[in-house]
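# Structure at a glance
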Amino acid sequence: MGNTTEQSTDAKKFEFSPDGNSCVIREPRTPRYWYNYLWNENRYCAQVSQIGHGRSYYLSEKADMCMINRDDARYVYLRDEETHACWNIGFGPLNTEVEDYRCTHSIGYSQIQSGCQGIQSSWRIFVPREGFHEIWTLKIRNTGEKERTLSVFSAVSFSLEGFTYPRYYEMYRCMKTEFDPKLNGIYCDSSHPFAPHERYHGFLASSEPVYAYDGDLTKFCGPTGTLTQPDASACALFGRPDVVMQGADCTGSEAALFILGGVLQHKFTLRPGETKEIDLLFGISGSREEARNTAFARLNREAVEREFDRAQEYCYRKYGSLSVRTPDEKINHIMNNWVKKQADFCIVGKKGVRDNLQIAAALLNYRQDKAKEEILECLRHQFSDGHAVLTWYPYDDTRYSDQPFWIIWAVCRLVRETGDFALLREHVSWQDGGRATVLSHVKAAVNRLLADKGRNGLVRIYFADWNDALNITTDPEAESVMLSCQFCLALRELEGLMRKYGDGEYAETLAAEYEALKNSINENAWDGGWYMRALSRMENIGAKDSSGSKIYLNAQVWAVLAGVADETRLPLVLQAVDGMEHDFGFPLNMPPYTEYSPDVGRMSGMLPGLFENGGVYCHATGFKMLMDCAVGRGSKAVETLKKIMPDSEKNPSMQSGAEPYVFTNCYATHPGYYGKSYQSWTTGTSAWCLMGLYEGIMGVKSDYDGLRIEPCFPAEWGGAELTRQFRGARYHVVIKNPQHIKNAVAKITVDGAPVAGTVLPDFGDGLRHEVEVTLRERQEKKGTNAV
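Worth saying up front: this structure is predicted, and the values here are computed from it rather than measured.

One can describe the packing of helix α12 (residues 553–561) onto helix α13 (residues 569–578) by two numbers: an axis separation of 10 Å at closest approach and a directional angle of 145°. Once α12 is placed against α13, the crossing between them reads as left-handed. When α12 is examined against α13, the residues Leu 553, Gln 556 and Val 560 are found in contact with a partner set consisting of Leu 570, Val 573 and Val 577. Counted by class, the contact of α12 with α13 contains five nonpolar, one polar and no charged residues.

Let us now look at the packing of helix α14 (residues 618–630) against helix α15 (residues 634–644). Direction vectors running N to C along α14 and α15 enclose 165°, while the axes themselves pass 8 Å from each other. What the angle tells us is that α14 and α15 run roughly antiparallel. Between α14 and α15 lies a crossing of left-handed hand. Between α14 and α15, the contacting residues are Cys 618, Thr 621, Gly 622, Lys 624, Met 625, Asp 628 and Cys 629 on the first element and Lys 636, Ala 637, Thr 640, Leu 641 and Ile 644 on the second.

Turning next to the sheet that holds strand β39 (residues 745–750). If you walk across this open sheet you meet the six strands as β24-β37-β38-β41-β39-β40, and the pairing is mixed. Both edges of this open sheet fall to β24 (322–325) and β40 (753–755), since each of them pairs with a single strand only. Sheet twist, expressed as the mean angle between neighbouring strand axes with direction ignored, is 20°. Relative to strand β41 (residues 768–776), β39 runs antiparallel, the two being bridged by six bridges. Bridge pairing links Ala 746 to Leu 775 in β41.

A separate point is the nonpolar core. A general feature of soluble globular proteins is that nonpolar side chains tend to end up buried together. Ranked by size, the top nonpolar core spans 220 residues in total, and within it Ile 408, Leu 494, Ile 521, Tyr 531 and Trp 558 carry the most contacts. Among the elements that take part in this core, helix α10 (residues 481–501) stands out by supplying twelve residues, more than any other. Formed by 19 residues, the second largest nonpolar core is a distinct cluster that contains Phe 153, Ala 212, Val 243 and Val 263.

Extensive coverage of α15 is indicated by the burial of eight of its eleven residues. Taken together, the buried positions of α15 are occupied by Gly 634, Ser 635, Ala 637, Val 638, Thr 640, Leu 641, Lys 643 and Ile 644.

A few words now on the side chain of Ser 401. Take Ser 401: it is sitting in the loop between β26 (395–396) and α8 (403–418). Here Ile 461 takes part through its backbone oxygen, which lies 3.1 Å from a polar atom of the side chain of Ser 401. Beyond its immediate sequence surroundings of up to four residues, Ser 401 is in contact with Leu 449, Arg 460, Ile 461, Tyr 462, Ala 464, Asp 465 and Leu 483.

Thresholds, definitions, all that
- Residues numbered from 1 in each chain as written.
- Predicted model: local features only at pLDDT ≥ 70, side-chain atom pairs only at ≥ 80, totals over all residues.
- Heavy atoms only, no water.
- Axes fitted to C-alpha atoms, helices over the stretch in contact; angles between N-to-C directions.
- Helix = DSSP H or I, 4+ residues; strand = E, 2+ residues; numbered from the N terminus.
- Left-handed = near helix turned anticlockwise from the far one by under 90°.
- Contact = heavy atoms within 4.5 Å.
- Nonpolar A, V, L, I, M, F, W, Y, C, P; charged D, E, K, R; others polar.
- Parallel < 35°, antiparallel > 145°, perpendicular 65-115°, else oblique.
- Pairing = 2+ DSSP bridges.
- Core = buried A, V, L, I, M, F, W, Y, C linked by side-chain atoms within 4.5 Å.
- Buried < 20%, exposed > 50% of the residue type's maximum accessible area, 1.4 Å probe, protein only.
- Polar contact = N/O pair within 3.5 Å; in protein donor to acceptor, adjacent residues only side chain to side chain.

Encoded structure:
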């Protein structure tokens, strides 16, 4: 891997490789499990922790789940056959001390290695570019001076759950395991009558002769190493499995009904300095024959390394069209391949209109075809009346009010990126049947939001808007200020698109609607120093005289982004937002609610400072980054990014618990959970921080006529550079700020020739073009839109 550069305030706990593509964890006792996710375009995914365990699953094209293993069971045990000393390569779950522990989570693989009892061992896991399985490689080396006989136990559980079925049709009633000699491993067969696809058969296969095996985890873990569930099913506990701990061999068991798994035991002798390599496949198949064929094709050393190289090449190629280099090394490590990988993973892990449209908008910067595919998929889950489902896996059509906004916004961004106006004439199906053009979908979304206006002329909130936990149950006519500001932004964006498309009449209609809604917001939702969050007959939410919380972040941010806040209100809004600043981001609302109120809903029932109730919701702080850029506050935008980046200066990963290489959804401000994060990986924070850096701070963003360059640089940066693919050409953009000016204007040359304005020529020639941007003084901006 080469030399590494330390990134943690806790010396030697973890560090990044110089290129930032690998995080090396040197302490297995992390505050919580630190995961990597590995997947392919077949939607097979392996979650790998720093000890190696984690869930493996598959999502079909229709988002039908197959959770392959139960309770994240994926373990490798080693045992000395003379002393019966036993340990795990990754320390857990036996928790036997190991030496020279190192877990490398990289963009395309994870590898765990350690030493114990004079044995050096490593375990590499990756998901090949094609297929429905993961590949493990175990390397065991005798570093001592005497011959050693060892057993290696590779153990998994089988669940094969994840889809809906009638009561009492649980999958475990339809499963059995057996050892298949042609597979050279354990095959878990199933015959569920309601399985939505054929891939509900699991297997664990080996490249080396299997000494012994178990398909019944009761035999491996022991009768006291299992836990019975209320429905009489059971799961295995892998903390101290009897076979491993008692010096026994696997029993050759096979099973039906309960506690199914696969354990393969390899026993071998190593001379001093000798190494044993074992490759294993763990995954699913449509049939026994398919599993056998896959194992035959993949389980040899040459094939494994070939597939490993292909998987790595593909990972870096799909992220390679976008890169950045700034004066901040930590930003460089996180905001290149890690943030792109995280946003990309959200498409695998999420199936919701609102969520996936935001992720797709970020993907437009580097995976344009995938982004287009995802945006059109989301349109298929829109109803013909303009609203859309919340999620299509699992299916949830609860009436959230904000889905139409994201549809308008994402389609406008898609056309800006591609320049393909014919896209608006493509036909896409509705959730409730029939088909219509993309433009018809967009107009339906506009009409839905117009029809949803309430008594004050703002858009009604229904069950919730972007904030799932703001549920104003006492007033079904309550109106959302945040969504109304977002709709203003959408109206302005769509007006621009329609003028380019040649529909001036509709553009004028949109412009008039924008002015009407903007006026309604300023007349009814302005509270003197900031905007309220929602308007209700019971009480207005987020106002000075509101009970509980007095100010919400999102209403202010989107009012600025949409141009709703005029010259008089803008300074007050910015002052109010700055007053919400916290050591590790910006709380969603202040102060937190201290008691439940049905006028506010679920968020008020949480402990103060947790999640949406006054926690630092990083996703919303990502919105705030782009607000800073919209008003020329580059230094503020960078400060905001660094507050919510993983392993921040004032909230390091060993305190927050979050992985040091991916964004998390929120940080708690409650004293009992202070600074801790809840979940990472599947959060829109990654998408908004990516857009905040590349489009906001670096200022490189798509426009209908070409690539626009409008940096919002911090004065502290003397320069930076970016590479971006756009409509078939590759642009290498070098930004120079020799006088360290803030809020500067750009002087641009392309291939040595000066450019008038800020839009680059749309070359579309497949070539690389050198863009030089020199920043110079300009007048203070009054407010614009950078989304």
